[in-house]
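Report on the structure
What follows is the residue order along each chain.
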Amino acid sequence: MGKRDKKQRHQPRRAAFHYTEEDEEGVGDGHYEGHSASKHTLSEEEEEEEEEEEEVDGKEEADEYPSNDLPSKFLLYQQSVQSPKGDISYLQKFFLMYVGGRLPLHLQEDFCGTALLSAEWLRTDTRRTAVGLDLDVEALNWCMENNINKVGADGYSRMSLFHGNVLQPLEAKLVEFEPQELIRKVSLTENKDNLESDEGESTLAEGSSSPNDEKYLRNHLLPARDIVCAFNYSCCCLHQRSELVLYFKHALDALSKKGGIFVMDLYGGTSSECKLRLQRRFSNFTYVWEQAEFDIIERKTRISLHFHLQKQQKKIRHAFSYSWRLWSLPEIKDCLEEAGFQSVHFWLRKMQDSRDIRKTEGFGVGRDIKYEEIKHFQQQDSWNAYIVGVA
Ligand SMILES: C[S@@+](CC[C@H](N)C(=O)[O-])C[C@H]1O[C@@H](n2cnc3c(N)ncnc32)[C@H](O)[C@@H]1O
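Overview of the structure. (Residues numbered from 1 in each chain as written. Predicted model: local features only at pLDDT ≥ 70, side-chain atom pairs only at ≥ 80, totals over all residues. Heavy atoms only, no water.)

Attention now moves to the pairing of strand E9 (residues 227–230). Of the two faces of E9, the one lined by Ile227 and Cys229 and the one lined by Val228 and Ala230 are each fully buried. For strand E3 (residues 106–110) and E9, the ladder comprises four bridges, and the chain directions are parallel. Of the residues in E9, the one forming a bridge with Glu109 is Cys229. Both E9 and strand E10 (residues 261–268) contribute to a ladder of four bridges, which runs parallel. The residue of E10 that forms the bridge with Cys229 is Val263. Of the crossover connections in this fold, the one passing from E9 over helix H9 (residues 241–254) to the parallel E10 is right-handed. (Buried < 20%, exposed > 50% of the residue type's maximum accessible area, 1.4 Å probe, protein only. Helix = DSSP H or I, 4+ residues; strand = E, 2+ residues; numbered from the N terminus. Pairing = 2+ DSSP bridges. Right-handed = clockwise from strand over helix to strand, strands pointing away.)

Before going further, it helps to examine the site of the ligand. Within the structure, the ligand sits among 21 residues, and Met1, Tyr77, Phe111, Asp134 and Asn232 are positioned closest to it. Between the ligand and Asn165, the relevant distance is 2.9 Å, taken from a nitrogen atom to a side-chain nitrogen or oxygen of the residue. Here Val166 contributes a backbone N or O atom positioned 3.0 Å from a nitrogen atom of the ligand. For the ligand, whose unbound accessible area comes to 590 Å², protein coverage reaches 92%. Taken together, the residues that form the shell around the ligand break down as 11 nonpolar, eight polar and two charged. (Near = heavy atom within 4 Å. Polar contact = N/O pair within 3.5 Å; in protein donor to acceptor, adjacent residues only side chain to side chain. Areas by Shrake-Rupley, 256 points an atom, 1.4 Å probe, with all protein chains shown as cover. Nonpolar A, V, L, I, M, F, W, Y, C, P; charged D, E, K, R; others polar.)

Here we come to the state of the cysteines. Inspection of every chain in the model, using the stated rule, returns zero disulfides. Here Cys143 stays free of any disulfide, with the sulfur of Cys112 as its closest cysteine sulfur at 6.8 Å. Looking at the unpaired Cys235, the closest cysteine sulfur is the one in Cys236, lying at 7.2 Å. (Disulfide = S-S within 2.5 Å.)

Let us now look at helix H3 (residues 73–81). For H3, the tally of buried residues reaches seven of nine residues, placing the bulk of the element in the interior. Lys73, Phe74, Leu76, Tyr77, Gln78, Ser80 and Val81 are the residues of H3 that are buried. For H3, the N-terminal cap is Ser72; the gap from its side-chain oxygen to the backbone nitrogen of Phe74 is 2.9 Å.

On to the pattern of salt bridges, then. Counted according to the given criterion, the structure contains 11 salt bridges. The closest approach of N and O atoms between Arg277 and Glu290, which form a salt bridge, is 3.6 Å. Residue Arg277 is found in strand E11 (residues 276–281), and its partner Glu290 is found in strand E12 (residues 285–291); the two are separated by 13 residues along the sequence. Among the residues examined, Arg277 registers a relative accessible area of 19% and is labelled buried. When its relative accessible area of 24% is taken as the criterion, Glu290 is described as partly exposed. Across the salt bridge formed by Glu331 and Arg325, the nearest N and O atoms sit 3.4 Å from each other. By relative accessible area, which is 26% here, Glu331 ends up partly exposed. (Salt bridge = Lys/Arg side-chain N within 4 Å of Asp/Glu carboxyl O.)

Turning to helix H6 (residues 137–146), a few remarks are in order. Where H6 is concerned, the buried positions are Ala139, Leu140, Trp142, Cys143 and Met144. The inward-facing, buried residues of H6 contact H3, strand E4 (129–134), helix H7 (155–158) and strand E5 (159–163). Of the residues flanking the start of H6, the one acting as N-cap is Asp136, its side-chain oxygen 3.0 Å from the backbone nitrogen of Glu138. (Contact = heavy atoms within 4.5 Å.)

A separate point is the side chain of Asp265. The topology assignment puts Asp265 in strand E10. Look at Asp265 and you get buried, because its relative accessible area is 1%. Within the local environment of Asp265, its side chain forms a polar contact with the backbone nitrogen of Asn232, the two atoms lying 2.8 Å apart. A polar contact is formed between the side chain of Asp265 and the backbone nitrogen of Tyr233, at a distance of 2.7 Å.

Take the environment of Gly101 next. Position of Gly101 among the secondary structure elements: in the loop between helix H4 (84–98) and E3. Exposure remark for Gly101: the relative accessible area of 93% places this residue in the exposed category.

Spelled out as structure tokens, the structure:
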């Protein structure tokens, strides 16, 4: 999990290191984050100071510290990296611009992690549904227990989480939450009746219709999606061009025949192609984005996210770690077109210069800058993009 600029994020969002204002009012004002935080690169002194704290490996954290003493790495991630309201504002704006004619109600969040975006999508309109897909079953289970329950009583019937690979989505398996299983099945039956009696499309791949097979996405009755998204630079997890094209074909297949969009994000700039360490301070923890050396032959780097908990005097090192291929904008455009998307649009914004971040405390530079659709954009120290493929 991880992201780019928005005000803070799990980064992969270096975003976390770039600020944007959360727009509670809707379309257009993108990112934000409600945390009072500042970020800067770590000085030598700070690094030494932090070395004195006890270290906890991110993978062990959940088992070793089940108590409230140490917050979940997923919670820390959501607080520091993600800004779902801003993303949703842009998703709505893009749908209105490039499809229009109806409200987007059905979302698929690929590489969803804890599916915070899907939960926020459902929370704000009871007609909405969401499908989440991820390889990390621990993150999906955490979502079941900590995010869906905040949606409301019908959250479990409007959200379907699948454990699997975006390259083989039909083989992905439904994640079930035991205490809610009964309620969920009742709700699904009701939902199925609605879907079947509705003239609206739903997707159900060919094959057996035995009840057990409903566990697989391939046999699961779902409304055709209006929007498919892949945020926090998740497409960089795919390293081969052929994988990217295949993934985009699957995204296109999930979209409604009445029109739909695929939206992903990407970061770049000169500072993205070198070793870099940035941190952002929150009231009770510090979030660190560590970017390893950048291999220009394969265009690969490793991103690690660490959390330093001041009160507990503990560090969760490598809470999240990703091997990424940093795709270029034209590569993404070519692959989307090859997969069958009709048109591709770039929305960019310059992010705060990483050299300035060393000196900056609190929100300041860049907070009011919005994304704009552009055809040309001169290289910067740091930029962030939404890429929209129109089906
Ligand atoms: C950078 S995180 C993004 C999480 C979330 N979308 C967000 O905005 O914060 C990337 C996620 O992609 C998942 N992932 C990586 N490769 C995947 C694949 N081939 N299929 C499904 N999920 C994958 C990881 O488990 C991780 O949760």
